[in-house]
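Close look at the chain arrangement
Chain residues, written in single-letter form:
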Amino acid sequence: MSAEERYGYLGPANTFCHQALLSIPDAPPDPVPYPSVLLALEAVRAGEIAAALVPIENSVEGGVSATLDDLTYGRPLRIVSEVLLPVQFNLYARPGTKLSEVHRVVSHPHAIAQVRQWLTTHLPDVQIVTEGSTAAGAVTVADPESGFDATVCAAVAGEANRLTALATEIADNADAVTRFVLVTRPGPPPERTSADKTTVVVFLNDDDSGSLMRMLEQFASRGVNLSRIESRPSRLVRGAYSFSIDAHGHLADERVAGALKGIKRTSREVVFLGSYPRADKVRPAVDRGHTDGDYRAANEWLAELTNP
Ligand SMILES: O=C(O)C(=O)Cc1ccccc1
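A brief structural summary. (Residues numbered from 1 in each chain as written. Predicted model: local features only at pLDDT ≥ 70, side-chain atom pairs only at ≥ 80, totals over all residues. Heavy atoms only, no water.)

1. Things to note about the nonpolar core
Among the nonpolar cores identified, the biggest contains 56 residues, and Leu53, Phe89 and Val152 are the most heavily contacted of them. Lining this core are residues from two domains, each supplying at least three of them: domain 1 (90–167) and domain 2 (188–307). When near neighbours in sequence (up to four residues on either side) are disregarded, Val152 contacts Phe89, Asn90, Leu91, Val105, Val106, Ser107, Ala111, Ile112, Val115, Thr134 and Ile170. Ranked by size, the runner-up nonpolar core spans 15 residues in total, among them Val200, Met215, Leu260 and Phe272. (Core = buried A, V, L, I, M, F, W, Y, C linked by side-chain atoms within 4.5 Å. Buried < 20%, exposed > 50% of the residue type's maximum accessible area, 1.4 Å probe, protein only. Domains from an automatic or database assignment. Contact = heavy atoms within 4.5 Å.)

Below you can see the structure in the form of structure tokens.
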């Protein structure tokens with residue numbers, strides 16, 4: 001298989017992102033590791049790979065800013081699918097290390113954040129340094145010259161680097177799930193499945209009072225439910241915020257298209273990041289008056305009025 005047909009991921013091997021990619025049934029073989037989300041997304045833009053799988057959100061820590069911001073401000077890309085991965089963290093060290101000998105820990109910031117309580121209780125004086133991924137932390141710790149004693153990572157990363165678990169299942173929240181998105185160069189969205197999600201970033205006309213409420217009304221008045229809304233500092237206007245939104249439904253659903261058109265008309269800028277199947281396959285209940293059939297009937301009625 002040529003490099004351009006392969007998928008990239010936040011590497012090195014054995015990151016959570018790698019595990020998530022291996023769970024995609026029809027993913028091409030030989031995925032390509034990248035040291036950061038930004039480099040993986042740039043490789044997609046450059047046509048080096050067909051798609052990249054990157055973390056976008058964690059159920060404990062919230063949005064992954066590097067991903068959200070690069071998708072918003074970088075050259076256009078599209079999300080074509082999502083993967084949910086339950087994440088569990090262990091503390092790994094070189095064989096022979098005791099917990100009392102752990103003074104410096106290295107891992108991905110989201111991993112550190114999700115075991116903070118455990119670290120505070122068991123290693124209150126530890127120095128923490130962040131790296132590009134959990135597996136990169138494991139590679140670092142495997143080197144006795146690294147100056148690091150332990151890492152927080154998945155069992156596969158610890159074992160692949162011949163480390164020993166000093167503690168297992170140390171997450172402050174045992175049910176944490178990370179959401180990854182598969183990103184490609186822009187093209188038509190995947191077919192609608194009736195269990196879909198649409199991701200957009202909206203920049204409001206921030207001088208207008210009530211602009212956030214009016215934006216939300218575009219969704220609410222059409223019966224479109226939101227599963228995520230997150231504000232991020234805007235790079236376009238200092239002191240202003242953008243809103244990163246996941247809405248239930250697909251661009252091909254009249255109610256979603258209607259909401260997007262309404263937002264496009266009334267806000268400063270809308271960045272469409274994709275309509276794609278939901279990983280949990282849950283079909284939203286569509287309230288009376290908001291189905292495609294209801295829109296069609298209303299359009300026919302209007303046509304009839306115009307041209308009896
Ligand atoms: O570093 C990794 O293994 C990743 O895939 C990023 C990440 C880090 C912590 C929780 C979930 C994903």
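2. Quick look at the site of the ligand
Around the ligand, the surrounding shell holds 13 residues, and the nearest of these are Thr15, Phe16, Cys17, Ser133 and Thr134. The side chain of Thr134 places a nitrogen or oxygen atom 2.5 Å from an oxygen atom of the ligand. Burial of the ligand by the protein chains amounts to 99% of its free accessible area of 310 Å². Elements that contribute at least two residues to the shell around the ligand include exactly helix 1 (16–22), helix 4 (109–114) and strand 11 (177–184). When residues of the shell around the ligand are assigned to their parent elements, the largest contribution, three residues, is made by helix 4. Along the lines of polarity and charge, the residues of the shell around the ligand split into six nonpolar, seven polar and no charged. (Near = heavy atom within 4 Å. Polar contact = N/O pair within 3.5 Å; in protein donor to acceptor, adjacent residues only side chain to side chain. Areas by Shrake-Rupley, 256 points an atom, 1.4 Å probe, with all protein chains shown as cover. Helix = DSSP H or I, 4+ residues; strand = E, 2+ residues; numbered from the N terminus. Nonpolar A, V, L, I, M, F, W, Y, C, P; charged D, E, K, R; others polar.)

3. A look at the sheet that holds strand 14 (residues 241–248)
Strands sit in the order 13-14-12-15 across an open sheet of four strands; the sheet is antiparallel. Single-partner strands in this sheet number two, and they are strand 13 (226–233) and strand 15 (269–277). Across the sheet, the axes of successive neighbouring strands diverge by a mean angle of 15 degrees, strand direction being ignored. Looking at chain direction, strand 12 (residues 196–203) and strand 15 are connected through eight bridges and run antiparallel. Bridge pairing in strand 15 places Thr198 opposite Ser275. Along the sheet face, helix 3 (residues 65–73) touches strand 12, strand 13, strand 14 and strand 15 and points at about 80 degrees away from the line of strand 13. Helix-sheet contacts for helix 9 (residues 254–266) involve strand 12, strand 14 and strand 15, and the interaxial angle to strand 12 is about 5 degrees. (Pairing = 2+ DSSP bridges. Axes fitted to C-alpha atoms, helices over the stretch in contact; angles between N-to-C directions.)

Interpretation note: all reported values are geometric properties and have no functional meaning in isolation.
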